[in-house]
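Chain and residue survey
These are the residues of each chain, in order.
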Amino acid sequence: MKQSERTYPVTLTDEQWRERLTPQEYQVLRQAGTERPGVGEYVDTVTEGVYSCRACGAELFRSDTKFPSHCGWPSFYAPLAEDRVEYLEDNTLGMRRVEVRCANCGSHLGHVFEGEGYDTPTDQRYCVNSVSLRLEPKA
C-alpha cells in the first residue's frame, strides 16, 4: 500500500495490525486489496445505521447516503464528514483513480468516482469494500 505522508491518530505496527485483523481484512485494509464483487456482506444491505472503519472503529458513512449502484460493492454518495476520509491519487491498473482511506488509521476503504451519472446529490460514488466496514444498526 502506498504510504501517506501523514501520521494517523491510530498507528499500529504491521505485526499489531496482523494480530487485530483477519487475513482478508488485513489484505484489503492494510495492503489496499479488493474483495470480489458481489460477495461483501453490505452490498445489498438497507439497514439504517452508521458504517465504521473495521480496523479502528472511526465512523465513516451513514446508511442514508448508501445507494444501489449495482457495481458489486457498497456505494455511498458522501462520507459522514470530509475529515473522516483521506484521498490519495492511485495510478495502479493503468488508470487514474482516487483511493479513499480512513483518516483515523490510514486503512484502505475503496475508491471514489465522479461524473458517472448516478442520481445522487453529489454525483459521486464511494465504492467501498464491505470488509473495510462494520455496520452499527440504528437503535
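Presented here is an overview of the structure given in this document. The written sequence of each chain sets the order in which its residues are numbered from 1. Residue-level local features of this predicted model are given only where pLDDT is at least 70; pairs of side-chain atoms are given and counted only at 80 or more, and the full residue set underlies all totals for whole chains, interfaces and linings. Note: side-chain values were computed over all heavy atoms of the structure, leaving out hydrogens and water.

1. Quick look at the packing of aromatic side chains
Where we set the bar: Ring geometry is summarised as follows: Phe, Tyr and Trp rings, the Trp one being its six-membered ring, pair when their centres sit within 6.5 Å, and such pairs are stacked at plane angles under 30 degrees, edge-to-face over 60 and tilted between the two. A run of H or I in DSSP counts as a helix once it spans at least four residues, and a run of E counts as a strand once it spans at least two, with each numbered from the N terminus. A simple rule labels every residue: compare its accessible area, found with a 1.4 Å probe on the protein chains alone, to the largest value its type can have, and call it buried under 20%, exposed over 50%, or partly exposed in between.
Summed over the entire model, instances satisfying the criterion amount to 6 aromatic pairs. Look at Tyr-87 and Tyr-126: their rings are 6.4 Å apart centre to centre, the planes differ by 55 degrees, and that puts the pair in the tilted class. Residue Tyr-87 is found in strand β5 (residues 85–90), and its partner Tyr-126 is found in strand β8 (residues 124–128); the two are separated by 39 residues along the sequence. Its relative accessible area of 33% is what places Tyr-87 among the partly exposed residues. Members of the aromatic cluster, joined through ring pairs, are Tyr-42, Tyr-51, Phe-61, Phe-76, Tyr-87 and Tyr-126.

2. Here we look at the layout of surface pockets
Convention followed: A pocket here means an open set of points on a 1 Å grid, computed over the protein atoms alone, that has protein on both sides within 12 Å along at least five of seven lines. A cavity is instead a set of points where a 1.4 Å probe fits but cannot get out; residues with an atom within 4 Å of a point line either one. Grid points are joined across faces, edges and corners, and a volume is the space filled by probe spheres set on the points.
In this structure, the largest pocket spans a volume of roughly 300 Å³. Considering the residues around the largest pocket, the lining is formed by 20 residues, among which Thr-34, Asp-90, Arg-97, His-108 and His-111 are closest to the centre. Those elements giving two or more residues to the lining of the largest pocket turn out to be β5, β6 (97–102), β7 (108–114) and β8. Take the lining of the largest pocket: its biggest share by element is 5 residues, from β7.

3. A short note on the side chain of Ser-63
Counted only if it meets this: We call two residues contacting when some pair of their heavy atoms lies within 4.5 Å.
Mapped onto the secondary structure, Ser-63 falls in the loop between β2 (59–62) and β3 (66–67). Exposure remark for Ser-63: the relative accessible area of 17% places this residue in the buried category. Among all residues touching Ser-63, those that are not within four sequence positions of it are Thr-47, Glu-48, Gly-49 and Tyr-51.

4. Remarks on the pattern of salt bridges
The line we're drawing: The term salt bridge refers to a pairing of a side-chain nitrogen on Lys or Arg with a carboxyl oxygen on Asp or Glu at a separation within 4 Å.
Counting across every chain of the model gives 8 salt bridges. With its nearest N and O atoms 3.8 Å apart, the salt bridge here joins Arg-84 to Asp-83. Given a relative accessible area of 30%, Arg-84 falls into the partly exposed group. The exposure class assigned to Asp-83 is exposed, which follows from its relative accessible area of 60%. Close ionic contact of Glu-99 with Arg-101 constitutes a salt bridge, the shortest N to O distance being 3.0 Å.

Any link to function would need more than the numbers given here.
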